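Letter by letter, the chains look like this.
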Amino acid sequence: MQVKAAVARSQGQPFSIEQVELDAPREKEVLVKVLATGVCHTDLVVRDGLLPTPLPAVLGHEGAGIVEQVGAGVTKVKPGDHVVMTFNSCGTCPSCEHHDNSYCHDFFPLNFFGTRPDGVSPISQNGESVSGNFFGQSSFATHSLCNELNVVKVQDDIDLALLGPLACGIQTGAGSIMNALQVKSGSTVAVFGTGSVGLSAIMAADICAATTIIAIDMNDERLELAEELGATHTINPSKVNSTEEIMKITGYGLQYALDTTGIPAVIRGAIESLAPKGTCGILGASGPDAEISFNETHFMSGGRRLMGIVEGESNPDTFIPELIRLHQAGRFPFDKLVTFYEMDQINQAIEDSEAGKTIKPIVKMS
Ligand code: CXF
Ligand code: ZN
């Protein structure tokens, strides 16, 4: 079928809205009429050539919409269902067998190679291939093909247009706290970076009843919002030394640190701020050459831990509905992070997000 899509044609350049041809769903695939898609930092990292999806490409991996058609082997959803589309996984490797799908052994090929597993993209234009199947969806388009494995059915008593970011950025932040670090009540947590992932982590730390929640960012306006969402303390590292401030606030350091920036120097500071037996989670996509270093004696002798985290270690089929219920109960107000744009404003959405004017842009596709 012919669909309208925002196509990333060259590195660092704006997307162009074009007609492209999308394949029909195969056995285990689901055709979704996309209502809205969040813009995630990873879309921009890929547009800039730092992750391996070949251009031209239809990106987008926080899609929300309504099921239009399903392949013959699909039982999980049916036409008319409200869904979000999350990361893709194989479902059969040792990680997937243990419900650790975000650590799927084929995570990179299945999410970033721009083709179906058979090596062919489901998207083309005038007979030329365009990378598709990005995160098993390519949802910067009016229609998207996803898989039974990465489609998540959601409640229909909530505005569907709001829900796409739950499928990546928001589950990454909240899940890092709730699923990966498993923050305990009464504990001390610091979140480095207060973008949509960091602010979701702060809301989650509040839900986990952490008693000291420190937000760290150079943007004072974001720090104010962090306080509104549950931070008990804020630090602006352009004004003070964050490790010293953390020691003053906690007395002995952090039980949990979560870095959302992916910046090696920030990660080093997060590790230096850990109390003995403290754990630092890292989740940023910093590009292929980023390396981190930290003091071996300090790290080893305190029994400190470092944990890589993908997609908040979430099981999206259960975690996303849980986040929606928390939202409906007024305990997870992620709508405060969102600004809506129309499809033809997608480049404005990206510009605003890169300028820090918008925290989580959502682009309405149809
Ligand atoms: C990505 C970050 C880079 C590793 C894979 C998952 N998260 C989503 O945007
Ligand atoms: Zn993402």
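Being a predicted model, the structure only gives us computed values, none of them experimental.

Quick notes on the rules
Residues numbered from 1 in each chain as written. Chains lettered and ligands numbered in written order. Predicted model: local features only at pLDDT ≥ 70, side-chain atom pairs only at ≥ 80, totals over all residues. Heavy atoms only, no water. Helix = DSSP H or I, 4+ residues; strand = E, 2+ residues; numbered from the N terminus. Rg over C-alpha atoms; globule rule 2.2 N^0.38 Å. Buried < 20%, exposed > 50% of the residue type's maximum accessible area, 1.4 Å probe, protein only. Areas by Shrake-Rupley, 256 points an atom, 1.4 Å probe, with all protein chains shown as cover. Lys, Arg positive; Asp, Glu negative; His and termini not counted. Charge placed at Lys NZ, Arg CZ, Asp CG, Glu CD. Donors = N, O, S within 2.8 Å, 3.2 Å for Na, K, Ca; no water. Tetrahedral: all angles 85-135°; square planar, octahedral: opposite > 155°, others 65-115°. Near = heavy atom within 4 Å. Polar contact = N/O pair within 3.5 Å; in protein donor to acceptor, adjacent residues only side chain to side chain. Nonpolar A, V, L, I, M, F, W, Y, C, P; charged D, E, K, R; others polar. Axes fitted to C-alpha atoms, helices over the stretch in contact; angles between N-to-C directions. Parallel < 35°, antiparallel > 145°, perpendicular 65-115°, else oblique. Contact = heavy atoms within 4.5 Å. Pairing = 2+ DSSP bridges. Phe/Tyr/Trp six-rings, centres within 6.5 Å; stacked < 30°, edge-to-face > 60°. Lys NZ or Arg CZ within 6 Å of the ring centre and 35° of its normal. Arc of directions from axis to C-beta. UniProt positions renumbered as here; feature names shortened; annotations may be inferred.

This brings us to the overall build of the protein. Tallying secondary structure elements over the protein gives eleven helices and 18 strands in all. In terms of C-alpha radius of gyration, the protein reaches 20 Å, essentially the compact-globule figure of 21 Å for 366 residues. Projected onto the principal axes, the alpha-carbon positions of the protein cover approximately 60 × 40 × 40 Å. Within the protein, buried positions represent 57% of all 366 residues. When the accessible surface of the protein is summed, it comes to about 14,900 Å², and 50% of that surface belongs to carbon and sulfur atoms. Taking the average location of the 24 positive side-chain charges in the protein and that of its 43 negative ones, the two points are 4 Å from each other.

A word on the coordination of the zinc ion (ligand 2). Donor atoms from the polypeptide that coordinate the zinc ion (ligand 2) comprise Cys-40 (SG), His-61 (NE2) and Cys-168 (SG), at 2.0 to 2.2 Å from the metal. What the four donor atoms of the zinc ion (ligand 2) show is an angle range of 97 to 133° at the metal, which sorts the shape as tetrahedral. Going along the chain, you hit the donors of the zinc ion (ligand 2) in the pattern C-x20-H-x106-C. Placement of Cys-40 in the loop between β3 (29-38) and α1 (41-47) and of Cys-168 in the loop between β10 (151-153) and α4 (169-180) is noted, with a sequence separation of 128 residues between them. Residue classification places Cys-168 among the buried positions, given a relative accessible area of 5%.

The local shell around ligand 1 consists of Cys-40, Thr-42, His-61, Phe-107, Phe-135, Cys-168, Ala-285, Val-310 and Glu-311. Interatomic distance of 2.5 Å between a side-chain N/O atom of Thr-42 and an oxygen atom of ligand 1. Within the complex, the protein chains bury 87% of what would otherwise be the 270 Å² of accessible surface of ligand 1. Residue classes in the shell around ligand 1 are distributed as six nonpolar, two polar and one charged.

This brings us to the packing of α4 against helix α10 (residues 316-328). Packed helices, taken two at a time, are described by the angle their axes make and the gap between the axes. The interhelical angle for the contact between α4 and α10, taken along N-to-C directions, is 95°, at an axis separation of 11 Å. Taken as axis vectors, α4 and α10 run roughly perpendicular relative to one another. Where α4 approaches α10, its residues Ile-170, Gln-171, Ala-174, Gly-175, Met-178 and Asn-179 are matched on the opposing element by Pro-316, Phe-319, Ile-320, Glu-322, Leu-323 and Leu-326. In terms of residue class, the contact of α4 with α10 is built from eight nonpolar, three polar and one charged.

Pairing in this open sheet of six strands is parallel, and the strands run β13-β12-β11-β14-β15-β16 from one edge to the other. Looking at the sheet topology across the chains shown, the edges are occupied by β13 (233-235) and β16 (305-308). Adjacent strand axes in the sheet meet at a mean angle of 20°, parallel and antiparallel pairs treated alike. Pairing of strand β11 (residues 188-192) with strand β14 (residues 254-259) involves four bridges; the strand directions are parallel. The residue of β14 that forms the bridge with Val-191 is Leu-258. Along the sheet, helix α8 (residues 264-272) contacts β11, β14, β15 (274-282) and β16; its crossing angle with β15, the most-contacted strand, is approximately 150°.

So, about the packing of aromatic side chains. For any pair of aromatic rings, geometry is given as the distance between the ring centres together with the angle between the planes. Evaluated as defined, the whole model comprises ten aromatic pairs. Seen from their ring centres, Phe-107 and Phe-135 are 6.3 Å apart, and the 90° between their planes marks the pair as edge-to-face. Taken together, the residues span a long stretch of sequence, with Phe-107 in helix α3 (residues 107-112) and Phe-135 in the loop between β8 (128-130) and β9 (143-147) at a distance of 28 residues. Both rings, one in Phe-112 and one in Phe-135, keep their centres 5.1 Å apart while their planes meet at 80°; by these two values the pair is edge-to-face. Separated by 23 residues along the polypeptide, Phe-112 in helix α3 and Phe-135 in the loop between β8 and β9 bring together distant segments of the chain. The class of Phe-135 is buried, set by a relative accessible area of 3%. The ring of Phe-340 is capped by Lys-364, whose NZ or CZ atom sits 4.7 Å from the centre of that ring.

This paragraph deals with helix α7 (residues 242-250). When α7 is considered as a whole, its buried residues turn out to be Ser-242, Thr-243, Ile-246 and Thr-250. In a view along the axis of α7, the buried residues occupy a sector of 100°, so they form one face of it. Away from its buried face, by an angle of more than 90 degrees, α7 presents the exposed residues Glu-244 and Lys-248. Backbone nitrogen of Thr-243 and a side-chain oxygen of the N-cap are separated by 3.0 Å at the start of α7; the cap is Asn-241. Of the residues flanking the end of α7, it is Gly-251, one or two places downstream, whose phi is positive at about 90°.

What follows deals with the UniProt feature "domain: Enoyl reductase (ER)" (unreviewed entry) in the protein. Per the UniProt record, the feature "domain: Enoyl reductase (ER)" (unreviewed entry) sits at residues 12-363. Spanning residues 12-363, this segment combines 27% helix with 24% strand, and its end C-alpha atoms are found 19 Å apart.

What follows concerns α4. One full turn of an α-helix is made of 3.6 residues, so residues set three or four places apart face in the same direction. Of all the twelve residues making up α4, eleven are buried; the element is thus mostly covered by neighbouring parts of the structure. Among all positions in α4, only Gly-169, Ile-170, Gln-171, Thr-172, Gly-173, Ala-174, Gly-175, Ser-176, Ile-177, Met-178 and Ala-180 are buried. Here the buried face of α4 lies against β11, α5 (196-207), β14, β16 and α10. Downstream of α4 by one or two residues, Gln-182 has phi in the positive range, about 50°.

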